[in-house]
Amino acid sequence: MRAVVGLWRWRHNPLRRATDLTEAWVALAALLLMCLAAPAIGWICGALTNTSLQESARLEQRQRHPVTAHVLGRDEGARPAAHDPEAATGNQIRRAVLARWTAPDGTAHTGALTAARHNADPGDTFRIFTDGRGRPVDPPMTAETAREQAVIAGIGTMLLAAGAVEGVRRIVVWRLVRQRYARLDRAWAQAGPDWGRTGAGS
């Protein structure tokens, strides 16, 4: 911000160097890009991501079907064959059980699943999701989850864009500083040999 303020203050200053003005303009351009372009890029990315995820969510909701699984008994030694859709949330204790369920096409299936501890006794029921053939699958993405992920993607893209702009600004300023030092070294080299000599103006 100091460089932006200096852009006006240094316009007619006789001590102004060309690099000072360039640095101020670069800072102003970076500020405008971070305040205007980065949010616009983030919004566009979020909107496109939301469109894609919403379509994926609708497809999953058409292809994945909720069914009721009936617990037959515990299966402590077996590794669950699929995810229990209701297990993803919370920190509740899960247990492997043998369960029976009916697929959307009417076929009966039996296999190892995971169930919450309070649903792990024989005769208990819990909900799972299956594909059209009755194979257990993860629950479909909801529209709300799709929106949340799109918002995260948009914010992340905005921050990355702003970070890229700031990175470019720092590189430009670093090169300007090196250029200043190089000019100062050349001027010093030209003036140095005359130091202390009579009539050299020292």
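Definitions and cut-offs
- Residues numbered from 1 in each chain as written.
- Predicted model: local features only at pLDDT ≥ 70, side-chain atom pairs only at ≥ 80, totals over all residues.
- Heavy atoms only, no water.
- Helix = DSSP H or I, 4+ residues; strand = E, 2+ residues; numbered from the N terminus.
- Buried < 20%, exposed > 50% of the residue type's maximum accessible area, 1.4 Å probe, protein only.
- Contact = heavy atoms within 4.5 Å.
- Areas by Shrake-Rupley, 256 points an atom, 1.4 Å probe, with all protein chains shown as cover.
- Core = buried A, V, L, I, M, F, W, Y, C linked by side-chain atoms within 4.5 Å.
- Salt bridge = Lys/Arg side-chain N within 4 Å of Asp/Glu carboxyl O.
- Patch = residues over 30% accessible without salt bridge, like charges linked within 9 Å, V, L, I, M, F, W, Y side chains within 5 Å.
- pLDDT = per-residue confidence, 0-100.
- Pairing = 2+ DSSP bridges.

### Notes on the overall build of the protein chain
Part 1 of the argument: From N to C terminus, the protein chain includes 3 helices and 5 strands.
Part 2 of the argument: Secondary structure elements in the protein chain, listed N-terminal to C-terminal, are α-α-β-β-β-β-β-α.
Part 3 of the argument: Burial status across the protein chain gives 27% buried among its 202 residues.
Part 4 of the argument: Sequence separation of at least 24 residues holds for 69% of the intrachain contacts in the protein chain that already meet a minimum separation of 6.
Part 5 of the argument: Surface accessibility of the protein chain: about 13600 Å² in total, with carbon and sulfur atoms responsible for 59%.

### Here's the deal with the nonpolar core
Part 1 of the argument: If you look at the biggest cluster of nonpolar residues, it comprises 11 residues: V67, A69, V71, V97, A99, W101, L113, A115, A120, F126 and I128.
Part 2 of the argument: Counting only elements with at least two residues in this core, the list comes to β1 (65-74), β2 (94-102), β3 (108-116) and β4 (125-130).

### Examining the pattern of salt bridges
Part 1 of the argument: Within this structure, the stated rule accounts for 6 salt bridges.
Part 2 of the argument: Between R58 and E55 there is a salt bridge, with the nearest N and O atoms lying 3.0 Å from each other. Of the two residues, R58 and E55 are both situated in helix α2 (residues 18-63); the distance of 3 residues between them amounts to about one turn of the helix.
Part 3 of the argument: Between E166 and R169 there is a salt bridge; the shortest N-O distance is 2.9 Å. With a gap of 3 residues between them, E166 and R169 both fall in helix α3 (residues 143-191), about one helical turn apart.
Part 4 of the argument: Here R169 falls in the partly exposed class, since its relative accessible area comes to 22%.
Part 5 of the argument: Each of the salt bridges in this network shares a partner with another, and the network as a whole consists of E166, R169 and R170.

### Side note on a nonpolar patch on the surface
Part 1 of the argument: Together, W43, I44 and L48 give the surface a local cluster of nonpolar side chains, amounting to about 390 Å² of exposed area.
Part 2 of the argument: You can see L48 is positioned in helix α2.
Part 3 of the argument: On the accessibility criterion, L48 (59% relative accessible area) is exposed.

### Focus on the confidence of the model for the protein chain
Part 1 of the argument: Summing up the model confidence of the protein chain, the mean pLDDT is 82 and the portion of residues at 70 or higher is 77%.
Part 2 of the argument: Ignoring residues within four places in sequence, the model shows residues 80-91, a span with pLDDT below 50, making 29 contacts including any to other chains.

### Quick word on the side chain of T130
Part 1 of the argument: Examined against the element boundaries, T130 turns out to sit in strand β4.
Part 2 of the argument: You can call T130 buried: its relative accessible area is 0%.
Part 3 of the argument: Residues in contact with T130, not counting those within four places in the same chain, are Q63, R64, H65, V67, W101, P104, R135, P136 and V137.

### What to know about the sheet that holds β2
Part 1 of the argument: As summarised here, the arrangement of the 5 strands in space is β3-β2-β1-β4-β5, forming an open sheet in which the pairing is antiparallel. Two strands lie at the open edges of the sheet, namely β3 and β5 (136-137), each paired on one side alone.
Part 2 of the argument: Note: β1 against β2, 4 bridges, orientation antiparallel. The partner of R74 across the bridge, within β2, is V97.

### Overview of the pairing of β4
Part 1 of the argument: Here β1 runs beside β4; their pairing, made up of 6 bridges, is antiparallel. Counterpart to T68 in the pairing with β4 is R127.
Part 2 of the argument: Bridge analysis of β4 against β5 gives 2 bridges, and the strand direction is antiparallel. Bridged to T130 within β5 is P136.
Part 3 of the argument: The turn joining β4 and β5, which pair antiparallel and follow one another in sequence, is formed by 5 residues; a positive phi near 90° is taken by G134.

### Concerning the environment of G163
Part 1 of the argument: Relative to the assigned elements, G163 resides in helix α3.
Part 2 of the argument: In this structure, the C-alpha to C-alpha distance between G163 and A38, residues 125 residues apart in sequence, is 9.2 Å.

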